[in-house]
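The residues making up each chain are set out below.
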Amino acid sequence: MEEKNISYEYCEKINDYLGQRDFDAPSRMSLLKFLAINALELSAPATPVLLQQQQQQQQQQNNNKPTGWLQLSGHPESIVPCSSGVVRKRVASFSDYEVQAYQQLSQEPLTSKIVPEFYGNIQLESGEMFIELQDLLKGFKDPCVMDIKMGCRTFLESEVSNKTLRPDLYQKMIKVDANAPTPEEHEQQAITKLRYMLFREAMSSSQSKGFRIEAIRLKGKPPMKDLKTVRTSEQIAQTIDQFLNCKKSVQKELINRLKHMRTVMEKSKFFQTHEIVGSSIFIIYDDVKVGCWLIDFAKSRPLPDHVKVNHRVEWIPGNREEGLLKGMDELIQAFESANQKQTTSRKFLQI
C-alpha cells in the first residue's frame, strides 16, 4: 500500500480520540495510519465495512476499545476520526459542491435535522482541508445498519457525455451478462459509458424503484455487501425483513422517519433548486434507539434558473431529474409492505 503523508503529530491527535496510549509508538502509528487512510471500495457510505473493522479491532484489542467510530466514507482516504461524536471528511476545496451542500442544508431548520450535523470547515497546517460532520454511529452499541443508494440515476450527466465507444466497458458488460449487448454492440465490441451506466443501474433496483440496497450489517454479524442485484419486490422485502428482524417498534419509527424526511425534502428550497445524485439513506438501530439520515452530497449540483425538477419524473438527458423522491416513495412502500406482512403473519399465527 502506498504510504500517505500523514504527520505523526496529527496521528497523535487522533490517538487521543482512540485512547490507545498503551501502544508503543510504532504500533500506534501503524494503527492510526490504517484508520486514517484505509480505503473503502463502495461508492456509498459503506459504514458496514467500517463496523466490521471495528469488530475485528475490538476482538484484537480486548480492553483497549475505541470509544467511537467513523461514520462513512464515500471515497478512499476521505475520512479521518476527529473527536468523540465528530468525523472529518477530506475535501479538495472549501468551494466543493459537497461543502456548499452541507452549508446550505445546515441553514434550513427542518432540513438540517435529516442530514448529519455540519460543524464547519477546518484546514490543517499541512494544507489538508476537511469538513467536520456528526459521527452517526456515536451512541449505538453493536447496531444493525442499512445503506441504501437513492435515485434512478446515480451518475451525473457530465460523467456520460462522452460518446466514445469503449471496448473495456463492453468487456465489463459481457462478464456480467453475455446477452446484454445488442447485435450491433456485439459487432462493434464496444459501448458508450452511458450505455454501460444504464446497464449497471438496470442490474439493481435503482432504475425501476429509485433505490438500491447497497449493504446491511446485522447485530453480531459481519456485513453483507453483495446486494446490488437485489432487484425484485420480493427480494427487497426479504432483505428488509431480515434487517428488521420482526422489531415492530423499529419498523414503525423508521416508516415515520422516512415519511417525515420525504415531506421535508418536498418543501426544502435546497432540494427544489438542486439535482441530488448519488446520495444515500443511512439507517441504524440497536436495542435502545433508531437513526435515519440522508447522507453523501458530493454529486449534488445547483440547477440552472430555467430548470425545475420534482425528483420523480423519468430522467431524459438534459432534464436533470434523478428520481430521489421516487426512490423515497418506493422505499417507504417497501417498509410499509414489510410491516403489513409481519402484522398479517402474527394475526394468522394467533388464529
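Residues numbered from 1 in each chain as written. Predicted model: local features only at pLDDT ≥ 70, side-chain atom pairs only at ≥ 80, totals over all residues. Heavy atoms only, no water.

Looking up the protein chain in an unreviewed UniProt entry gives the name Kinase, with the organism given as Musca domestica. UniProt annotates the protein chain under Sequence similarities (unreviewed entry) with the comment "Belongs to the inositol phosphokinase (IPK) family." (UniProt positions renumbered as here; feature names shortened; annotations may be inferred.)

## Concerning the overall build of the protein chain
Helix and strand counts for the protein chain stand at 12 helices and 10 strands. Evaluated residue by residue, the protein chain yields a buried proportion of 50% over its 351 residues. Contacts in the protein chain between residues far apart in sequence, at least 24 positions, make up 68% of those at least 6 positions apart. (Helix = DSSP H or I, 4+ residues; strand = E, 2+ residues; numbered from the N terminus. Buried < 20%, exposed > 50% of the residue type's maximum accessible area, 1.4 Å probe, protein only. Contact = heavy atoms within 4.5 Å.)

## A word on the pattern of salt bridges
For the structure shown, the criterion picks out 17 salt bridges. The residue Glu 201 makes a salt bridge to Arg 212 at a minimum N-O spacing of 2.9 Å. Remark: Arg 212 occurs in strand β6 (residues 211–217) and Glu 201 occurs in helix α7 (residues 193–203); sequence separation between them is 11 residues. Each member of the pair, Glu 201 together with Arg 212, is buried. (Salt bridge = Lys/Arg side-chain N within 4 Å of Asp/Glu carboxyl O.)

## Description of the side chain of Ser 205
Its place among the elements puts Ser 205 in the loop between α7 and α8 (206–209). For Ser 205, a relative accessible area of 1% translates into the label buried.

## Remarks on a positive patch on the surface
A surface patch of positive charge is lined by Lys 172, Lys 175, Arg 200 and Lys 228. On the secondary structure map, Lys 172 appears in helix α5 (residues 167–176). Assessed through its relative accessible area of 46%, Lys 172 is described here as partly exposed. (Patch = residues over 30% accessible without salt bridge, like charges linked within 9 Å, V, L, I, M, F, W, Y side chains within 5 Å. Areas by Shrake-Rupley, 256 points an atom, 1.4 Å probe, with all protein chains shown as cover. Lys, Arg positive; Asp, Glu negative; His and termini not counted. Charge placed at Lys NZ, Arg CZ, Asp CG, Glu CD.)

## Focus on empty space enclosed by the protein
One water molecule sets the probe size; rolling that probe over the atoms shows where empty space is left. Tallying each qualifying case throughout the model produces two cavities of 30 Å³ or more. When its volume is computed, the second largest cavity comes out at roughly 40 Å³. Along its surface, the second largest cavity is lined by Tyr 97, Gln 100, Ala 101, Gln 104, Phe 270, His 274, Ser 300, Arg 301 and Pro 302. Sorting the residues of the lining of the second largest cavity by element identifies α4 (97–105) and β10 (299–302) as the ones contributing at least two each. (1 Å grid on protein atoms, 1.4 Å probe; cavity = no way out; pocket = protein on both sides within 12 Å on 5 of 7 lines; lining within 4 Å. Points joined across faces, edges and corners; volume = space filled by probe spheres on them.)

## A few points about the packing of aromatic side chains
Under the definition given, this model contains seven aromatic pairs. Centroid distance Tyr 196 to Phe 199: 6.3 Å. Interplanar angle 40°. Geometry classified as tilted. Separated by three residues within a single helix, Tyr 196 and Phe 199 lie in helix α7, roughly one turn from each other. Note on accessibility: Tyr 196 and Phe 199 belong to one class, buried. The interplanar angle of 85° and the centroid separation of 5.6 Å between the aromatic rings of Phe 270 and Phe 271 together place this pair among those described as edge-to-face. (Phe/Tyr/Trp six-rings, centres within 6.5 Å; stacked < 30°, edge-to-face > 60°.)

## Focus on the nonpolar core
Among the nonpolar cores identified, the biggest contains 52 residues, and Ile 281 and Phe 335 are the most heavily contacted of them. Looking at which element gives the most residues to this core, the answer is helix α12 (residues 324–350), with eight residues. Apart from the residues lying within four places of it in its own chain, the contact partners of Phe 335 are Met 146, Ile 240, Leu 244, Leu 254, Ile 255, Leu 258 and Ile 283. The next biggest cluster of nonpolar side chains, apart from the first, holds 11 residues, and it includes Phe 155, Tyr 170, Ile 191 and Tyr 196. (Core = buried A, V, L, I, M, F, W, Y, C linked by side-chain atoms within 4.5 Å.)

## Focus: the sheet that holds strand β3 (residues 118–123)
The antiparallel open sheet is built from four strands, whose spatial order is β1-β2-β4-β3. Looking at the sheet topology across the chains shown, the edges are occupied by β1 (79–83) and β3. With strand direction ignored, the average angle separating the axes of adjacent strands in the sheet is 30°. Across the face of the sheet, α4 comes into contact with β2 (86–91), β3 and β4 (129–134) while running at roughly 140° to β3. (Pairing = 2+ DSSP bridges. Axes fitted to C-alpha atoms, helices over the stretch in contact; angles between N-to-C directions.)

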